[in-house]
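Given next are the chains, with one letter for each unit.
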Amino acid sequence: GKTINVALVGNPNCGKTSLFNFASGAHEHVGNYSGVTVDAKEGTFQQNGYTFRIVDLPGTYSLSAYTPEELYVRSHLNEAQPDVVINVVDASNLERNLYLTCQLIDMDVRMVIALNMYDDLERKGNKFDHESLSRMIGAPIVPTISKTGFGIEDLFNRVIKVYEEEDPVLRHIHINYGEVLEKGITNVRKALKANGNVPKSISKRYLSIKLLEGDHEIEAFVKALPGSEIILQDRDRNIAQIENLLQEDCETAFTNARYGFISGALRETFEQNKIKEASST
Ligand code: GDP
Ligand code: MG
Ligand code: K
């Protein structure tokens, strides 16, 4: 059978390790391997004739290059290039958890979202049209309860579908950052394309976004390419233009646009049970 490499990515405490233990715990070996500053666990198991090799990555709120965990997760995604990412999302804290989802969309990874802590959502009586959100972001969303194992078999069946590119909701999308930022992205992307030295495996849109956000690691990567001066000059010019037009810091503009996308999407799909919330406090 085929082996599918899967990485678990999500905020701290969203239930990644519980999911990992439930999936891999029943079978075979679990090995620890250490990075310089953080640990990740790897395990394997079988389902429907497929072998899954899963890595439980450290929890992160973002994929900027600010913490060792963020850098570790990012370099794992870029270097190990898992076949499918399972983005574990805490259903009781969608707004914050979906920020990371937006950044995974920027990276253009193939993913399935585990809508974990689903028991919490149901207990609170909140209504969430996750299928509708799933269509918006072009990735399957599967309700799970990591603690009990509910939904985990379905989750890995969707991983198979995504891996085989047979999943009906699977679609390449990108976050629309609005006219001003999109213009900047397009300009930097053109400069990257004209340079000709950017590896094909890396999304130029992703690099453009990260360059505009002032990401030091991505900047160092681009700097190492022959003829990169023109790209970086172009980037600087575009940042100045964006900051002049929006009257805010360029990195902040991207952050705000992501939260804007999330709140728009949740406005259409999520309804909080106000009665229950009020009576339980
Ligand atoms: P990680 O930091 O993402 O690895 O999260 P953990 O797997 O360590 O889980 C954090 C806490 O949430 C633990 O106390 C788990 O027992 C609990 N937990 C995990 N999944 C669920 C779930 O689906 N529902 C509920 N109610 N609790 C969960
Ligand atoms: Mg953990
Ligand atoms: K996609």
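Residues numbered from 1 in each chain as written. Chains lettered and ligands numbered in written order. Predicted model: local features only at pLDDT ≥ 70, side-chain atom pairs only at ≥ 80, totals over all residues. Heavy atoms only, no water.

**A closer look at the environment of lysine 190**
Take lysine 190: it is sitting in helix H7 (residues 179–195). Exposure remark for lysine 190: the relative accessible area of 55% places this residue in the exposed category. Taking the C-alpha atoms as reference points, lysine 190 and lysine 204, separated by 14 residues in sequence, lie 8.9 Å from one another. (Helix = DSSP H or I, 4+ residues; strand = E, 2+ residues; numbered from the N terminus. Buried < 20%, exposed > 50% of the residue type's maximum accessible area, 1.4 Å probe, protein only.)

**Digging into the site of ligand 1**
What surrounds ligand 1 is a group of 14 residues, the closest being Asn13, Lys16, Thr17, Ser18 and Asp119. Separating an oxygen atom of ligand 1 from a side-chain N or O atom of lysine 16 is a distance of 2.7 Å. Broken down by element, the shell around ligand 1 gets its largest block of residues, 3 residues, from helix H1 (residues 16–25). Here the shell around ligand 1 is built from residues that sort into 4 nonpolar, 7 polar and 3 charged. (Near = heavy atom within 4 Å. Polar contact = N/O pair within 3.5 Å; in protein donor to acceptor, adjacent residues only side chain to side chain. Nonpolar A, V, L, I, M, F, W, Y, C, P; charged D, E, K, R; others polar.)

**Section: the packing of helix H8 (residues 204–212) against helix H9 (residues 216–223)**
Running from N to C, H8 and H9 point in directions that differ by 115 degrees, and their axes come no closer than 8 Å. With respect to the hand of their crossing, H8 and H9 are arranged in left-handed fashion. Residues Tyr206, Leu207, Lys210 and Leu211 of H8 lie in contact with H9, whose contacting residues are Ile218, Glu219, Phe221 and Val222. (Axes fitted to C-alpha atoms, helices over the stretch in contact; angles between N-to-C directions. Left-handed = near helix turned anticlockwise from the far one by under 90°. Contact = heavy atoms within 4.5 Å.)

**Some remarks on the pattern of salt bridges**
Throughout the structure, instances matching the rule amount to 15 salt bridges. Across the pair glutamate 182 and arginine 205 runs a salt bridge, and its minimum N-O distance is 2.9 Å. With a gap of 23 residues between them, glutamate 182 in helix H7 and arginine 205 in helix H8 connect regions that are remote in the sequence. The exposure class of arginine 205 is buried, given its relative accessible area of 9%. (Salt bridge = Lys/Arg side-chain N within 4 Å of Asp/Glu carboxyl O.)

**A few points about helix H3 (residues 94–107)**
Taking 1.5 Å per residue as the helical rise, H3 with its 14 residues ought to reach 20 Å, and the 20 Å between its terminal C-alpha atoms agrees with that figure. For H3, the buried fraction is high: 12 of the 14 residues fall into the buried class. All of the buried residues along H3 are Leu94, Asn97, Leu98, Tyr99, Leu100, Thr101, Cys102, Gln103, Leu104, Ile105, Asp106 and Met107. Aspartate 108 lies just past H3 and shows a positive phi near 60 degrees. (Expected span 1.5 Å × (residues − 1).)

**So, the side chain of arginine 74**
Mapped onto the fold, arginine 74 is located in helix H2 (residues 68–80). The exposure class of arginine 74 is buried, given its relative accessible area of 0%. At a separation of 2.6 Å, a polar atom in the side chain of arginine 74 contacts the side chain of aspartate 215. In this structure, arginine 74 is in contact with Leu63, Ser64, Ala65, Met107, Tyr206, Lys210, Asp215, Glu217 and Ile218, ignoring residues within four places of it in sequence.

**Things to note about the pairing of strand E5 (residues 84–90)**
Regular strands place side chains that alternate from one sheet face to the opposite one. Judged by how many residues are buried, E5 sits mostly within the fold: 7 of 7 residues are covered. Of the two faces of E5, the one holding Val84, Ile86, Val88 and Asp90 and the one holding Val85, Asn87 and Val89 are both buried throughout. Bridge count between strand E1 (residues 3–10) and E5: 5 bridges; the pairing is parallel. When the sheet's bridge partners are listed, valine 9 is paired in E5 with asparagine 87. Relative to strand E6 (residues 111–116), E5 is paired through 6 bridges, and the arrangement is parallel. Within the sheet, the bridge partner assigned to aspartate 90 lies in E6 and is asparagine 116. Since E5 and E6 lie parallel, the crossover through H3 that links them has a hand, and here it is right-handed. (Pairing = 2+ DSSP bridges. Right-handed = clockwise from strand over helix to strand, strands pointing away.)

**Things to note about the state of the cysteines**
Working definition of a disulfide: a covalent bond connecting the sulfur atoms of two cysteines. Summed over the entire model, instances satisfying the criterion amount to 0 disulfides. Sulfur of cysteine 14: no disulfide; nearest cysteine sulfur belongs to cysteine 102 and is 16 Å away. No disulfide involves cysteine 250; its sulfur sits 16 Å from the nearest other cysteine sulfur, which is in cysteine 102. In this structure cysteine 250 comes out as buried when scored by relative accessible area, which is 1%. (Disulfide = S-S within 2.5 Å.)

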